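Survey of secondary and tertiary structure
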Amino acid sequence: MSYLQGLNLRGGYGGAEILHGCSIGVDRGEIAVIVGPNGAGKSTAMNALLGMLNLTEGRVELDGEDITTISTQERVKRGIAFVPQTENVFGSMTVQENLEMGAYLRRDDFTSTMDQVFELFPALVEKRRRPASELSGGQRQQVAVGRALMTNPTVLMLDEPTAGVSPIVMDELFDRIIEIKKAGIAILMVEQNARQALNIADRGFVLVTGENRHTDTGQALLADPEVRRSFLGG
Amino acid sequence: MTDFINAFVLLSNFVIIPALSLGSQLALGALGVTLVFGVLRFANFAHGDLMAFGTMIAIFITWWFQSLGIGFGPLPTALLALPFAIAVTALLTIGTDRLVYRYYRRVGSAPVIFVVASVGVMFMLNGIVRIFIGPDDRRFADGERFIVHARTFRETTGLAEGLTFKLTQGITIIVAVVVTIALFWFLQRTRMGKAMRAYSDNEKLSRFSGIDPDRVVLVTWIIAASLATIAGVLYGLDRSFKPFTYFQLLLPIFAAAIVGGIGQPVGAIIGGYIVAFTEIGVTYAYRKFFIYLLPESFEPSGLAQLVATEYKFAVSFVILVLVLLVRPTGLMRGKVI
Amino acid sequence: MNQSARAVTAFAVMAALLAAVGFGQSWSVALVIMNLCLISSVMAMGLNIQWGYAGLFNAGVMGFAALGGASAVLVSHPPVTQAWAAGGLDLLIGVALFVVIVAAGFFVRNRLPAGQFQRVFMIVVVLVGYWVGRGFFASAVDAIESVDPVRTGFLGGLGLPIIFSWLVGGLFAGGVAWLIGRIALGLRADYFAIATLGISEIVVALLRNEDWLTRGVKNVTGLSRPVPFEINLQNSDWFVRMIERFNARTLAVAPDVDRQQMLTQLVIEGSGIFVKLCYLGLFLAVTLLILGLCVRALNSPWGRMMRAIRDSEDAAAAMGKDIVYRQRQVFILGSAIIGVAGAMLTTLDGQFTPSSYVPLRFTFLIWVMVIVGGSGNNLGSVLGGFVIWFVWVQAEPASQFVLSNIASWFGEGSGFAQWLLDAAPHMRLLLMGLILLLVLRFSPRGILPEYVRETR
């Protein structure tokens with residue numbers, strides 16, 4: 001029984017079924033990583049949890065409550081934040097405005113949250129009045145994560161946050177994600193860089209053709225010879 | 001020296017002041033087009049007729065006020081009617097969105113379908129305006145006519161050239177400045193304004209941030225209606241109201257929006273003035289201007305007019321075509337293409 | 001209901017409507033409407049090639065129709081020799097100079113090393129050339145326009161039979177479309193729409209103001225005809241005899257004293273109808289010819305490729321199709337057809353009036369025809385041309401009738417009644433918008449939907 005979980009999910013975008021009954025879950029203060037080959041339905045599984053998919057079967061629960069049928073926007077209101085893989089910042093708006101937009105739904109004073117984001121990503125402080133499109137790839141990713149954190153979420157979902165950034169930036173970003181986890185947020189990531197991601201994961205899901213192939217702790221999956229051979233390149 | 005001042009007064013009278021006032025009207029129109037484009041992502045062919053509709057309502061309210069004996073002192077009564085006209089026009093835009101555009105948004109139609117729909121709305125508005133007020137020319141400006149009168153100016157300054165500054169031109173420029181500042185304040189400083197920019201920038205991400213698309217669209221239509229009505233009333237006060245002219249205004253307004261970079265409010269304003277200044281600047285006969293400035297032997301023999309006045313209207317398209325050729329995204333790097 | 005049954009029904013209803021006008025109002029009116037329906041159909045087919053086949057939003061239909069109209073003048077009007085003598089040479093020099101400038105401009109651009117010098121030199125060449133050329137041009141224009149300005153004041157045309165202009169109009173429109181295509185194709189759809197809208201306004205502005213070419217707003221009237229004039233028919237024996245035989249029964253029962261007068265009356269009426277029938281025959285031939293060609297083109301590999309490009313530019317590009325080249329091709333073809341229709345219209349009118357070209361009637365109305373008829377379906381466009389033109393023409397008397405009845409309840413003199421009567425002519429605009437919106441929303445594929453072959 002996890003904080004956020006999708007059980008036995010089946011469905012796809014149009015006619016074709018992409019998920020054939022996979023189950024994914026994450027608890028607060030935990031990092032869960034979805035890995036697997038291309039076309040395994042990793043991002044689709046995440047979209048199912050966000051309510052952007054037509055599910056034919058299965059259910060999604062948040063904190064024990066069934067949220068299978070409610071809209072994406074309502075899920076955002078209930079504390080699920082999402083960082084898309086691409087186009088995840090408002091390019092024409094400043095860093096600060098990006099963060100403010102993250103807090104759009106909040107009616108309380110969110111300055112302390114913003115201070116926390118700037119603490120987490122100090123590099124953004126001096127760029128706060130610059131348009132997000134002018135930042136480097138890594139910093140843009142920081143803005144994207146920061147925007148998501150501004151909603152004060154209980155769950156943070158990231159779709160391939162390290163796609164296209166350098167290894168140094170990736171390590172840095174993973175460090176930050178571990179810090180976010182320590183604040184008691186549930187983190188669910190889809191990752192291409194499976195080895196590094198499983199390294200920091202409390203839970204790992206290896207998806208193949210829309211089904212769970214292996215499910216275990218990150219360390220156990222890294223140690224599993226079959227997983228190593230098939231998915232981690234030896 | 002006097003020659004120099006005379007030349008400047010001449011130029012102000014026939015080029016600078018009229019162009020500033022026309023530019024302000026076009027800029028307000030282009031702002032409406034550009035906002036609709038930025039948020040709803042289609043070129044609204046009905047904008048000219050929307051301006052005509054708003055102006056028509058303002059004229060009706062003005063007539064009503066006049067019949068009640070309500071005036072605005074030296075200012076035109078139409079300014080008093082403006083807020084009411086804006087309210088009615090906003091109801092119209094919200095209504096058309098509900099009945100027409102919302103459906104295509106829901107089913108995710110291509111932008112070009114929205115354009116075709118806006119052609120339908122254009123036809124209907126065209127008909128409505130002509131049915132209610134008729135196709136003829138209407139003048140509805142009252143109050144004072146001049147801030148500076150040519151004769152008074154000549155008498156006070158002793159210059160050979162007179163300067164006319166009509167009250168409607170003054171109002172146009174002031175209102176345009178005030179409205180623009182208010183709009184920019186709204187877009188840059190308020191929560192809703194920022195949400196609009198966010199939605200225009202990245203619709204999907206704005207949904208993940210909890211921004212309600214329906215609200216953004218609603219506010220956009222209200223602003224578009226306000227801008228169209230204000231631009232239309234100012235244009236009508238300055239010149240006169242005729243439905244067909246307003247339909248034709250669509251073209252310079254599109255030109256202004258594209259020249260500036262569509263989807264970019266700053267661009268719309270710059271574009272408005274560029275179109276107005278070129279239109280008036282190239283069709284003005286500079287003969288007298290050069291006579292003041294140049295020594296006698298260099299005086300031009302002809303009118304010293306770059307383009308015949310009949311082509312005033314075509315000028316904005318030539319600018320448009322040039323921009324499309326050289327820099328399709330416009331001066332401010334609009335979002336298209 | 002299957003495709004062909006649907007088409008047959010639709011055209012049958014249309015024919016019934018026209019027959020109703022024939023019996024109810026008069027056959028002359030019905031024939032006038034029918035002729036314009038055919039011209040509208042041709043225009044709609046031209047636009048359909050662009051929009052229905054290739055997804056190009058051409059908002060400049062008016063410009064191509066006007067070019068076709070101008071070609072009718074330039075082909076059929078007899079040359080004005082005095083005007084040629086007065087300004088022909090200067091005009092030719094002016095035109096030649098413009099050509100030289102353009103060539104020089106290209107030479108500077110292509111042959112000189114790029115950089116600041118090249119740019120400055122090019123501007124100098126163009127400006128100097130413009131001033132010199134304009135000098136010749138202006139004096140030529142003055143000379144031409146002062147030749148008998150009340151009757152001519154322009155160069156006139158070639159003095160050929162006007163029917164040639166239908167072809168020339170197509171060539172004109174196609175040529176201008178080639179030029180526009182070079183500028184505007186490849187832009188996003190609504191940009192393309194705005195660009196073509198603007199260019200069509202420029203075209204009409206030129207035709208309105210270049211008096212030496214088309215007499216501008218002074219109009220050119222009394223163009224020659226491909227069919228006989230009524231007055232000649234009335235004076236020719238064979239026609240009178242034909243009418244006599246045609247109405248033999250009516251004439252037989254008429255009293256002797258009235259017979260001659262009655263015959264004259266019948267001949268006058270008959271001559272009008274005969275002329276309209278001649279036009280009808282010509283227009284019908286053109287419509288059928290173009291329809292046949294369009295249908296063949298659509299079902300050819302070329303047509304399939306065009307639709308593939310329309311449906312997914314990316315996929316078609318990935319298959320190695322040169323999208324912009326193909327779109328230019330289709331844009332030129334469609335515009336040429338619109339040009340043909342424009343020339344036909346001016347031929348029918350017998351006069352060229354540049355100020356009558358307004359976008360609502362010549363661009364957006366054609367759009368309504370294509371959308372209502374069924375985008376992508378040629379037969380649909382023909383039907384759309386008929387239906388929409390019919391509604392456009394008949395909406396006015398119909399709303400006049402309805403509104404005057406309503407007005408009579410309020411009493412003849414009342415202000416409201418007067419307002420209602422004044423509103424009648426504008427009802428059709430409202431109606432057109434409503435039809436377009438309703439079809440777009442509830443039947444977006446039109447009356448005759450595009451025919452999609454499922455398997456091959």
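See the structure printed just above.
A brief structural summary. (Residues numbered from 1 in each chain as written. Chains lettered and ligands numbered in written order. Predicted model: local features only at pLDDT ≥ 70, side-chain atom pairs only at ≥ 80, totals over all residues.)

Below, the discussion takes up the sheet that holds strand 6 (residues 80-83) of chain A. Residue and element names in this part refer to chain A. With mixed pairing, the six strands of this open sheet are ordered in space as 6-7-8-3-9-10. Strands with a single pairing partner mark the edges of an open sheet, and in this sheet they are strand 6 and strand 10 (211-216). Strand-to-strand twist in this sheet, taken as the mean axis angle between neighbours without regard to direction, amounts to 15°. One ladder, built from four bridges, connects strand 3 (residues 31-35) with strand 9 (residues 203-208); its direction is parallel. Bridge pairing links Val35 to Val206 in strand 9. Each of strand 6 and strand 7 (155-159) touches helix 5 (residues 137-149); the most contacted strand, strand 6, lies at about 165° to it. Running over the sheet, helix 6 (residues 167-182) touches strand 3, strand 7 and strand 8 (186-190) and is turned about 150° from strand 8. (Pairing = 2+ DSSP bridges. Helix = DSSP H or I, 4+ residues; strand = E, 2+ residues; numbered from the N terminus. Axes fitted to C-alpha atoms, helices over the stretch in contact; angles between N-to-C directions. Contact = placed C-beta atoms within 7 Å.)

Facing 37 residues of chain B, the contacting portion of chain C comprises 35 residues. Contributions of two or more residues to the side of chain B that touches chain C are made by helix 3 (77-107), helix 4 (111-133), helix 10 (243-260) and helix 13 (312-326) of chain B. Top element by residues in the side of chain B that touches chain C is helix 4 of chain B. It accounts for 15 residues. Considering only residue class, the side of chain B that touches chain C consists of 31 nonpolar, four polar and two charged. (Nonpolar A, V, L, I, M, F, W, Y, C, P; charged D, E, K, R; others polar.)

In terms of nonpolar packing, the biggest core is built from 288 residues, with Met157 and Ile187 of chain A together with Val42, Ala65, Met344 and Val368 of chain C touching the most fellow members. For this core, the leading source of residues is helix 2 (residues 27-53) of chain C, giving 16 residues. When near neighbours in sequence (up to four residues on either side) are disregarded, Met157 of chain A contacts Met46, Leu49, Leu50, Ile80, Ala81, Phe82, Val83 and Leu188 of chain A. Of all hydrophobic cores here, the second largest spans twelve residues; its members include Val80, Ala83, Ile144 and Trp212 of chain C. (Core = buried A, V, L, I, M, F, W, Y, C linked by C-beta atoms within 7 Å. Buried ≥ 20, exposed ≤ 12 C-beta atoms within 10 Å, placed from the backbone.)

Moving on: the arrangement of the chains. Summarising the chain contacts, two pairs of chains touch, and the pair with the most contacts is chains B and C. Left apart from each other, chain A and chain C have a closest C-alpha approach of 19 Å.

Now for the environment of Asp97 of chain B. Residues and elements named next belong to chain B. With respect to the secondary-structure elements, Asp97 resides in helix 3. Assessed through the 20 C-beta atoms surrounding it within 10 Å, Asp97 is described here as buried. Once the C-alpha coordinates of Asp97 and Val33 are considered, the two residues, 64 residues apart in sequence, prove to be 15 Å apart. Setting aside chain neighbours within four positions, we find Asp97 in contact with Arg102, Val217 and Trp221.

Attention now moves to the packing of helix 1 (residues 2-40) of chain B against helix 9 (residues 213-238) of chain B. Residue and element names in this part refer to chain B. Relative orientation of the contacting elements helix 1 and helix 9 amounts to 165°, with a least axis distance of 9 Å. Accordingly, the angle class assigned to the pair helix 1 and helix 9 is roughly antiparallel. In this structure, the crossing between helix 1 and helix 9 has a hand that is left-handed. Contact residues: helix 1 offers Ser21, Gln25, Leu28, Gly29, Leu31, Gly32, Leu35, Val36, Val39 and Leu40, while helix 9 offers Val216, Val217, Thr220, Ile223, Ala224, Leu227, Ala228, Ile230, Ala231, Leu234, Tyr235 and Asp238. Per-class residue counts for the contact of helix 1 with helix 9 are 16 nonpolar, five polar and one charged. (Parallel < 35°, antiparallel > 145°, perpendicular 65-115°, else oblique. Left-handed = near helix turned anticlockwise from the far one by under 90°.)

So, about the sheet that holds strand 5 (residues 65-66) of chain A. Residue and element names in this part refer to chain A. Pairing within the open sheet is antiparallel, and its four strands lie in the order 2-1-4-5. What marks the edges here is a single partner per strand, and that holds for strand 2 (19-26) and strand 5. Of the strand pairs in this sheet, strand 4 (residues 54-62) and strand 5 are connected by two bridges, and their pairing is antiparallel. The partner of Leu62 across the bridge, within strand 5, is Glu65. Lying over the sheet, helix 1 (residues 42-50) contacts strand 1 (4-12), strand 2 and strand 4, oriented at roughly 115° with respect to strand 1.

A common way to state how big an interface is: give the accessible area lost once the parts meet. Across the contact, 13 residues belong to chain B and 19 residues belong to chain A. For the side of chain B that touches chain A, the element with the most residues is helix 7 (residues 191-201) of chain B, which contributes five residues. Class assignment of the residues belonging to the side of chain B that touches chain A gives a composition of five nonpolar, three polar and five charged.

Another aspect to go through is the pairing of strand 6 of chain A. Residues and elements named next belong to chain A. On strand 6, burial covers both faces: Ile80 and Phe82 on one face and Ala81 and Val83 on the other are all buried. For strand 6 and strand 7, the ladder comprises four bridges, and the chain directions are parallel. Bridging from a neighbouring strand, Ala81 pairs with Leu156 of strand 7.

A separate point is unusual backbone geometry. Phi at Glu160 of chain A takes a positive value of approximately 45°, unusual for a residue other than glycine. In this structure, Glu160 of chain A sits in the loop between strand 7 and helix 6. Notably, Arg215 of chain C is not glycine yet its phi reads approximately 65°, a positive angle. Considering the arrangement of structural elements, one finds Arg215 of chain C in the loop between helix 8 (211-214) and helix 9 (230-234).

All names here are of chain C. Helix 17 (residues 378-409) packs onto helix 2 with a crossing angle of 135° between their chain directions and a minimal axis gap of 7 Å. Between helix 2 and helix 17, the angle falls in the class oblique. The two elements helix 2 and helix 17 cross, and the hand of that crossing is right-handed. Counting all contacts with helix 2, which are made through Ile33, Leu36, Cys37, Ser40, Ser41, Met43, Ala44, Met45 and Asn48, the residues of helix 17 involved are Asn378, Ser381, Val382, Gly384, Gly385, Phe386, Trp389, Phe390 and Val393. Its residues placed into classes, the contact of helix 2 with helix 17 shows eleven nonpolar, seven polar and no charged.

Read these as spatial facts, not as claims about activity.
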